[in-house]
Amino acid sequence: MKKLLHLLLISFIFVCFTAQSQKNIWDENPSDSQVELDSLLTILPTSKGEKKLSLLNRIAEINWAIDPNKTLKYGSEALRLSIEFKNKDQEGLALINLCQGYLFNNIYDKALHYGLKSLEIRKALANDYDLAFTLRTLGWLYYDIGYYEKALEYHTQALIIHEKIGNKQRIAYSYNSIGIIHDAKGDYNLALFFFKKSLKLIKDSNNKDRIAETMKNMGICYRKINELNLAKKILESALDIESKIKYDNKKVYVLQELAIVHLKLKNYEECYSLLEESRAIIKVLGNKKELVLENDKIMSDYYLALNNYKEAFNFYIKYTNGKSEVFTSNKSEKLAEMRILYEAERRESEIKLLEQQRQLESQKRKSLLIGSLLLAIIGILVIASLWNNIKKKKAIYLQNHKLSKEKLKSQFLLQENLERRLDFQTKELTNLALFISQRTNIYKDLAKSLKNLKFTDLSVLKQDINALINEYTFKFDLNEDIQQFHANIETLQSDFLFRIKEKHPNLTNKDIQLAVQVKLKLSSKEIANINNISANSVEIGRHRLRKKLGLENKDNLVVYLENI
C-alpha cells in the first residue's frame, strides 16, 4: 500500500512537471520525448479533470511526428474537455495540436481552420511562447502547400517574438525555419546564412537533434551549390550525432543526402553502402513510403552513373509507381482545395482593402474640397494684405536698383584705377630691368677700358686712370638692384607665378624666373645682362622652357605666357 501511494505521488509530481514543460516540445530530443510519452500513457487512465486535460494535450503534442492520427485522437478529446472546463490556454493548445495532426495527414483546409482559431485565442491570451508556437505551425502549413512568402511572413513573426523573449534555442529554430523556406525558393546562399546563424546559437546546447537537423540542412544547400566537400563534411557530422541519439527516422534522411553527395563525387561504393544502410533502417521503421521512394530515386541515379541502364530503369519505375500511390488524387484535390481556399481568403482581404481604400479616397476628396475652400479664403486674404505692400516694395526695389548701379559704377572705376596702377608698376619694373641692363653694359665697358690700360708710361697710366675715375664717378650696387628687381617681380607678378606653377609643376625656379622676364618682353641680351649670363645661355634657356611648356615651333612663347 505504501509503495502504491509512493508511486502515485511520483506520478503526480511528474504530471505537474510535464504540464509545466509542454511548451518546450521543439527544444527536446526525440528519444527524451518518447520516454515521456510512455510514462504519460501509463498514468493517463487514472487521471481526471483538468489534470487529464493537460496530459491529453501533451500526449497529442508528442505524437505529432510519431503518429498524427493519435494526435487527432488525443487533441479532439483535449479540445472537448478544455471547452467544458472553459480553459482557454488548454483550448489554444488543443487547437494547434489538431492543426498539426491534420497537417501531417495533408488535410490542409482543416489544419488551417484549427490553426487560425488557435492563433485567435493565443493572441487574446498574449502569451508570447504560445503565440510564437502557433505562428510557427501556420508557417509550416503554408510551406507545405507551396506559399513560401506567406510561410516566411509567419516564421518571421515568430522570430521577432523569440528575439523579444531572448530564448536562444527558439531564435535558432526560427533561423533554421527561415533558411528552409529560402532553400525551397532557390536562394541557397541566403538559406546558408540563416542555417549558420541557427547553428551558432545551438551548437553548445543539449538539443543534439536540432544541431543535426541544422547541419543536414546546411549540407543540402552546400550540395545544391556544388560545394561537395563541404557538404560531405557537415553531413557526416550530422550523421554522427543522429547515430548517437539513435533517432533513426532522421538518420535515414542524412544517410540518403550523404549518398547523393558521394554519387556526385563519384564515390560509388560509399554511395551504395549508405543507400543500403538507409534501406535497412526504413524496413525497421515500417510504413515510411516516402523514404523508400527517395531511396529508389537515388538508386536509379546510382545505377545510371554506372551505365547499368536496366537496374536504373527498374528503380525508376518503382519510384514513379510508388510516387503515384503516395501522392494520390485525393491528396491532389486536398492541396488544390487548400490553395483555392487560400486564394479566396487573399481575394477577400484584397476586396476589403480596396473598399477601405475607396472610403479613404472619398474622405480624402471631401477633405481636399474643404481644404481648397479654406486655402482660397486664406489666399484672398493674403493677396489683399500683400497688395498694399507691393507698391512700397517696388519703390524700395527701384531705389536699391539705383544704388546697385552706382555701386557697380564705383567698383568699375576702382578696378580701372587698380589696372592703371598695375600697368604703371609693370612699366616701372620693365624700366628697372632696362636700367640694370644698361648698368651691366657700363660695367663691361669699364672692365674693357681697364684691360686696355698701358703700364709702360706711368704718367700716361695716371692720366688714363683719372679719366676713368671721372667717367665712372657714380656708385651703384649691381647685386642690390638685381635683388630688388626680382622682389618686385614676385610682388607684381604673384598671380602669374601661382598660375604657371599650378599649370606646369615641372618647372624649376630658374625656368619660372626666365618665363617672367620673357613675359615682360625683355630681349635675350637684356635678360643676359640682368642675370649676368651670356646671350647664348639665354637662348638655350628659352628653348628648354618652350619644350617644358609643350610648345611647337609655330607657337609664340610671349603670347602663351601672357595667356596663363
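Everything numeric here is computed off the predicted structure, so don't read it as measured data. (Residues numbered from 1 in each chain as written. Predicted model: local features only at pLDDT ≥ 70, side-chain atom pairs only at ≥ 80, totals over all residues. Heavy atoms only, no water.)

1. So, the pattern of salt bridges
Phase 1: Taken as a whole and judged by the stated rule, the model has 20 salt bridges.
Phase 2: Residues Glu61 and Arg58 are paired through a salt bridge, measuring 3.7 Å at the closest nitrogen-oxygen approach. Here Arg58 and Glu61 lie together in helix α3 (residues 49–62), a separation of three residues that amounts to about one turn. Each member of the pair Glu61 and Arg58 is classed as buried. (Salt bridge = Lys/Arg side-chain N within 4 Å of Asp/Glu carboxyl O. Helix = DSSP H or I, 4+ residues; strand = E, 2+ residues; numbered from the N terminus. Buried < 20%, exposed > 50% of the residue type's maximum accessible area, 1.4 Å probe, protein only.)

2. Structural notes on the packing of helix α13 (residues 248–264) against helix α15 (residues 289–305)
Phase 1: Viewed as axis vectors pointing N to C, α13 and α15 meet at an angle of 15°, and their least axial separation amounts to 11 Å. By the criterion of interaxial angle, the relationship of α13 to α15 is roughly parallel. As for how α13 packs across α15, the hand of that crossing is left-handed. Contacts between α13 and α15 involve Asn249, Val252, Tyr253, Gln256, Ala259, Ile260 and Leu263 from the former and Leu291, Glu294, Asn295, Ile298, Asp301, Tyr302 and Ala305 from the latter.
Phase 2: Residues of the contact of α13 with α15, tallied by class, amount to nine nonpolar, three polar and two charged. (Axes fitted to C-alpha atoms, helices over the stretch in contact; angles between N-to-C directions. Parallel < 35°, antiparallel > 145°, perpendicular 65-115°, else oblique. Left-handed = near helix turned anticlockwise from the far one by under 90°. Contact = heavy atoms within 4.5 Å. Nonpolar A, V, L, I, M, F, W, Y, C, P; charged D, E, K, R; others polar.)

3. Notes on the confidence of the model for the protein chain
Phase 1: Looking at the protein chain, the pLDDT average stands at 83 and 84% of residues meet or exceed 70.
Phase 2: Residue range residues 1–24 is modelled with pLDDT below 50. Its contacts to residues more than four positions away, or to other chains, number 25 contacts. (pLDDT = per-residue confidence, 0-100.)

4. Looking at unusual backbone geometry
Phase 1: The backbone of Ala126 sits at a positive phi, close to 60°, despite the residue not being glycine.
Phase 2: Tracing the chain through its elements places Ala126 in the loop between α6 (108–125) and α7 (128–144).
Phase 3: A positive phi angle, close to 65°, is found at Lys521, a residue other than glycine.
Phase 4: Within the secondary structure, Lys521 sits in the loop between α21 (509–519) and α22 (524–531).
Phase 5: For Lys521, a relative accessible area of 59% corresponds to the exposed category.

5. Some details on a nonpolar patch on the surface
Phase 1: A surface patch of nonpolar side chains, about 440 Å² in accessible area, is lined by Ile370, Leu374, Ile378, Val382 and Leu386.
Phase 2: The topology assignment puts Leu386 in helix α17 (residues 329–451). (Patch = residues over 30% accessible without salt bridge, like charges linked within 9 Å, V, L, I, M, F, W, Y side chains within 5 Å. Areas by Shrake-Rupley, 256 points an atom, 1.4 Å probe, with all protein chains shown as cover.)

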